[in-house]
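# Fold and contact review
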Amino acid sequence: MGSLNGKVVLITGGARGVGAEVARRLRRKGANLVLTDLDPAPLAELADELGGEAHVLTALADVRDLAAMQRAADAAVARFGGIDVVVANAGIASFGSVLQVDPEAFRRVIDINVVGVFNTVRATLPSVIERRGYVLVVSSLAAFTSAPGLAAYHASKAGAEYFANTLRLEVAHRGVDVGSAHMSWIDTPLVQDAKADLSTFREMLTRMPGPLKKTTTVTECGAAFVKGIEGRKKRIYCPRWVGAFRWIRPLVSTPIGERDIRKFAPELLPKLDAEVATLGRSTSARIESLEQR
């Protein structure tokens, strides 16, 4: 893709975290932005920071609502003439074992992280095809590994990766490139909220094997995303070592690969479930408040 100057980029989950960091970097490169989120205050603040209506269109849109995403896509085409790049970034996590997690929270994770990706792409794809553009689906290192208490998150991120793989085959002949992004833990509200809510989550990170315990900065992740968008990359890894897990994925799910996690799971998982039960929720307070609006 090369220069992003004048390109139109739609980012879901654009008000905070990686979405906001990518938006800032793209705007500095001259891109026009379409940012969707459910949190109006930070979304409006970011739009003002990035130059306001001349270069940024915002939409309060739930990725689970195809009609809402279609309205956002239509507004983007009406304002800027089309869409060159889509970053399907919106995502959440739930916590608790399969026996403990709130079933509604589990379903919400799948709806946002998988169905939300479909809705985002479905609404924007005609314009992206017209402009022979690029779609980036935000998956995770979680597509290659597993951790107890995070079944919905791992399942959804694996689903997002394979959605991207399939979409790539469907649109390659139309001149559209599709990438998936895979990151380790990032210092975003998702991880910050989990650390604040759950001491067992903090402990689990310290006991994960090797690099899996490390947290990546939003700045580092944003830089990797923008570089990948510019290069229309098939896969983006941040940090770069995450890419190794894609190749050793069959080993990761063997008893040898799971050895360290199996050691602490019997001790930590009951503690995690107890903390989730005490909280009375399986997602962060911030996510719960957005759901109630």
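Below, the structure is looked at part by part. These figures come from a predicted structure and were not determined experimentally.

### Some thoughts on the packing of helix H4 (residues 103–130) against helix H5 (residues 151–171)
At their nearest, the axes of H4 and H5 sit 8 Å apart, and the two run at 20° to each other. Between H4 and H5, the crossing angle belongs to the class labelled roughly parallel. In the crossing of H4 with H5, the sense of the turn from one axis to the other is right-handed. Counting all contacts with H4, which are made through Phe106, Val109, Ile110, Asn113, Val114, Val117, Phe118, Val121 and Leu125, the residues of H5 involved are Ala151, Ala152, Tyr153, Ala155, Ser156, Lys157, Ala160, Phe163, Leu167 and Val171. A per-class count over the contact of H4 with H5 returns 16 nonpolar, 2 polar and 1 charged.

### A look at empty space enclosed by the protein
Summed over the entire model, instances satisfying the criterion amount to 2 cavities of 30 Å³ or more. Taken as a whole, the second largest cavity encloses approximately 60 Å³ of empty space. In terms of lining residues, the second largest cavity is bounded by Phe95, Pro148, Thr200, Phe201, Met204, Phe264, Leu268, Leu269 and Leu272. At the level of elements, helix H7 (199–207) and helix H11 (259–279) are the ones that each hand at least two residues to the lining of the second largest cavity. Looking at which element gives the most residues to the lining of the second largest cavity, the answer is H11, with 4 residues. Split into classes, the residues belonging to the lining of the second largest cavity amount to 8 nonpolar, 1 polar and no charged.

### Overview of the packing of helix H3 (residues 66–80) against H4
Between H3 and H4, the shortest axis-to-axis distance is 8 Å and the interhelical angle comes to 30°. Accordingly, the angle class assigned to the pair H3 and H4 is roughly parallel. Read as a crossing pair, H3 and H4 show a hand that is right-handed. Contacts between H3 and H4 involve Leu66, Met69, Gln70, Ala73 and Val77 on the former and, on the latter, Asn119, Thr120, Arg122, Ala123, Thr124 and Ser127. Looking at the contact of H3 with H4 residue by residue, the classes come out as 5 nonpolar, 5 polar and 1 charged.

### Details of the sheet that holds strand E1 (residues 8–12)
Strand order in the open sheet formed by 7 strands is E3-E2-E1-E4-E5-E6-E9, and the pairing between neighbours is parallel. Unpaired on one side and paired on the other, strand E3 (56–60) and strand E9 (235–238) mark the two borders of the sheet. Strand after strand, the sheet turns through a mean of 15° between neighbouring axes, direction not considered. Where strand E2 (residues 32–37) lies against E3, 5 bridges are found, and the strand directions are parallel. If you follow Leu35 over to E3, its bridge partner there is Thr58.

### Describing the pairing of strand E4 (residues 85–88)
A two-sided burial pattern is seen for E4, the buried positions comprising Val85 and Val87 on one face and Val86 and Ala88 on the other. Note that E1 and E4 share 3 bridges and pair parallel. By the bridge assignment for E4, Ile11 is matched with Val87. Relative to strand E5 (residues 134–138), E4 is paired through 4 bridges, and the arrangement is parallel. Bridge assignment links Val85 to a residue of E5, and that residue is Tyr134.

### Details of the packing of aromatic side chains
According to the stated counting rule, one finds 3 aromatic pairs in the structure shown. When the ring of Phe95 is compared with that of Phe201, the centres are 5.5 Å apart and the planes differ by 75°; the resulting orientation is edge-to-face. One end of the pair, Phe95, is in the loop between E4 and H4; the other, Phe201, is in helix H7, with 106 residues separating them in the sequence. For the pair formed by Phe95 and Phe201, the shared burial category is buried. In this structure, Arg79 is placed above the aromatic ring of Phe80, and the distance from its NZ or CZ to the ring centre is 5.8 Å. In this structure, Arg246 is placed above the aromatic ring of Trp247, and the distance from its NZ or CZ to the ring centre is 4.6 Å.

### A short note on the side chain of Thr283
Inspection of the secondary structure assignment puts Thr283 in the loop between H11 and helix H12 (285–291). Of note is the side chain of Thr283, whose polar atom sits 3.2 Å from the side chain of Arg108. One polar contact links Thr283 to Glu288, side chain to side chain, over a distance of 2.5 Å. In contact with Thr283, other than residues within four places in its own chain, are Ala93, Ser94, Ala105, Arg108 and Glu288.

Rules of the game
Residues numbered from 1 in each chain as written. Predicted model: local features only at pLDDT ≥ 70, side-chain atom pairs only at ≥ 80, totals over all residues. Heavy atoms only, no water. Axes fitted to C-alpha atoms, helices over the stretch in contact; angles between N-to-C directions. Helix = DSSP H or I, 4+ residues; strand = E, 2+ residues; numbered from the N terminus. Parallel < 35°, antiparallel > 145°, perpendicular 65-115°, else oblique. Left-handed = near helix turned anticlockwise from the far one by under 90°. Contact = heavy atoms within 4.5 Å. Nonpolar A, V, L, I, M, F, W, Y, C, P; charged D, E, K, R; others polar. 1 Å grid on protein atoms, 1.4 Å probe; cavity = no way out; pocket = protein on both sides within 12 Å on 5 of 7 lines; lining within 4 Å. Points joined across faces, edges and corners; volume = space filled by probe spheres on them. Pairing = 2+ DSSP bridges. Buried < 20%, exposed > 50% of the residue type's maximum accessible area, 1.4 Å probe, protein only. Phe/Tyr/Trp six-rings, centres within 6.5 Å; stacked < 30°, edge-to-face > 60°. Lys NZ or Arg CZ within 6 Å of the ring centre and 35° of its normal. Polar contact = N/O pair within 3.5 Å; in protein donor to acceptor, adjacent residues only side chain to side chain.

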